[in-house]
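Results of the structural survey
Chain by chain, the residues:
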Amino acid sequence: MAAIDLNADLGEGFGVWRLGDDDAMLGIVTSANVACGFHAGDPAGLLRVCRSAAERGVRIGAQVSYRDLAGFGRRYIDVAHDDLVADVVYQIGALQAIAAASGSAVCYVKPHGALYNTIVTDRDQGAAVAEAVRLVDPALPVLGMAGSAFFDEAARLGLRTVAEAFADRAYRPDGQLVSRREPGAVLRDPAEIAERVATMVTSRRVTAVDGTQIDVTVESVCVHGDSPGAVQIATAVRDRLAAAGADVRAFC
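Residues numbered from 1 in each chain as written. Predicted model: local features only at pLDDT ≥ 70, side-chain atom pairs only at ≥ 80, totals over all residues. Heavy atoms only, no water.

An unreviewed UniProt entry annotates the chain as 5-oxoprolinase subunit A of Mycobacterium paraense. Its UniProt record gives the chain the following Sequence similarities (unreviewed entry) comment, quoted word for word: "Belongs to the LamB/PxpA family." (UniProt positions renumbered as here; feature names shortened; annotations may be inferred.)

Here it is, written out as structure tokens:
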């Protein structure tokens, strides 16, 4: 089986509020999508996460988002193209400084939440995110959904695109994710999720909510660090991939 990356969203606490078990997840995943302060994360917490990632050899990615702390970046914002470019440049730059101070570096960029879902089809916002990455460092890969408008725009600018699939999220028949507002959007059972991931990686297919089989391109698998039982889910996924003969390692 080919090499596969395992990524998770980390550093999403704020002040005294903690979300998920970052330390435990960093012992399992190979890439950490670290918040950049716009949807979650404060400087002291992000420094801790980046230091821990550097110590464990986990790759650091900038998880960029809409400016939406109150909504955790899960609300669509009709932001102007140039403003979105500047927002994404700002976020990557902030995390680059924190990663460097931790003895590491930002190795890739992944959009978060509503921004991630919007640029699957919104070409203007996808182009803005891609342009921001190119302005900061055209060698930075972008992590996202295969076949998206974002990937089209990133490829047009010469950026490397890395396709991911979601371990614990339900898929629509069109290949997009089921909205978190819908029942059954987030899967909970570690064994079921692990088996589903093994099938996605080996067959490049996943069962959508209507029972149809859809194609997926998988270079990295996302396990959400803020889900209930996230550590158990990530452990089960990694163990199942290893049992299937996968080489679980970072893509960058």
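Now that the structure has been shown, the text picks up again.
Some words on the nonpolar core
By size, the foremost hydrophobic cluster in this structure holds 77 residues, and its most contacted members are Val197, Val223 and Val237. With 7 residues, the top contributor of residues to this core is helix α3 (residues 81-101). Each residue touching Val237, except ones within four places of it in the same chain, is listed here: Leu6, Ala167, Ile193, Ala194, Val197 and Val223. (Core = buried A, V, L, I, M, F, W, Y, C linked by side-chain atoms within 4.5 Å. Buried < 20%, exposed > 50% of the residue type's maximum accessible area, 1.4 Å probe, protein only. Helix = DSSP H or I, 4+ residues; strand = E, 2+ residues; numbered from the N terminus. Contact = heavy atoms within 4.5 Å.)

Some remarks on the packing of helix α2 (residues 43-56) against α3
Orientation of α2 relative to α3, taken along the N-to-C sense of each, is 50°, at an axis distance of 9 Å. Comparing their axes, α3 and α2 come out oblique. Judged by the sense of rotation from one axis to the other, the crossing of α2 with α3 is right-handed. In this structure, α2 uses Pro43, Leu46, Leu47 and Cys50 to contact α3, whose residues at the interface are Leu95, Ile98, Ala99 and Ala101. For the contact of α2 with α3, the residue count by class is 8 nonpolar, no polar and no charged. (Axes fitted to C-alpha atoms, helices over the stretch in contact; angles between N-to-C directions. Parallel < 35°, antiparallel > 145°, perpendicular 65-115°, else oblique. Left-handed = near helix turned anticlockwise from the far one by under 90°. Nonpolar A, V, L, I, M, F, W, Y, C, P; charged D, E, K, R; others polar.)

Quick look at helix α6 (residues 149-156)
For α6, every residue scored as buried is listed here: Ala149, Phe150, Phe151, Glu153 and Ala154. Packed against the buried residues of α6 are β4 (106-111), α5 (123-136), β5 (142-144) and β6 (161-166). The first or second residue beyond α6 is Gly158, which carries a positive phi of 85°.

As for the side chain of Glu164
For Glu164, the location among the structural elements is in strand β6. A distance of 3.1 Å separates polar atoms of two side chains, one belonging to Glu164 and the other to Asn7. The residues contacting Glu164, other than those within four sequence positions of it, are Asn7, Lys110, Tyr116, Leu143, Gly144, Thr217, Ser220 and Cys222. (Polar contact = N/O pair within 3.5 Å; in protein donor to acceptor, adjacent residues only side chain to side chain.)

Overview of the side chain of Glu131
Mapped onto the secondary structure, Glu131 falls in helix α5. Among the polar contacts listed, one links the side chain of Glu131 to the side chain of Arg134, at a separation of 2.7 Å. Those residues in contact with Glu131, other than ones at most four positions away along the chain, are Val85 and Leu157.

A word on the pattern of salt bridges
Scanning the entire structure with this criterion turns up 12 salt bridges. With a shortest N-O distance of 3.1 Å, Glu164 and Lys110 are connected by a salt bridge. Residue Glu164 is found in strand β6, and its partner Lys110 is found in strand β4; the two are separated by 54 residues along the sequence. Summarising the burial analysis for this pair, Glu164 and Lys110 share the class buried. (Salt bridge = Lys/Arg side-chain N within 4 Å of Asp/Glu carboxyl O.)

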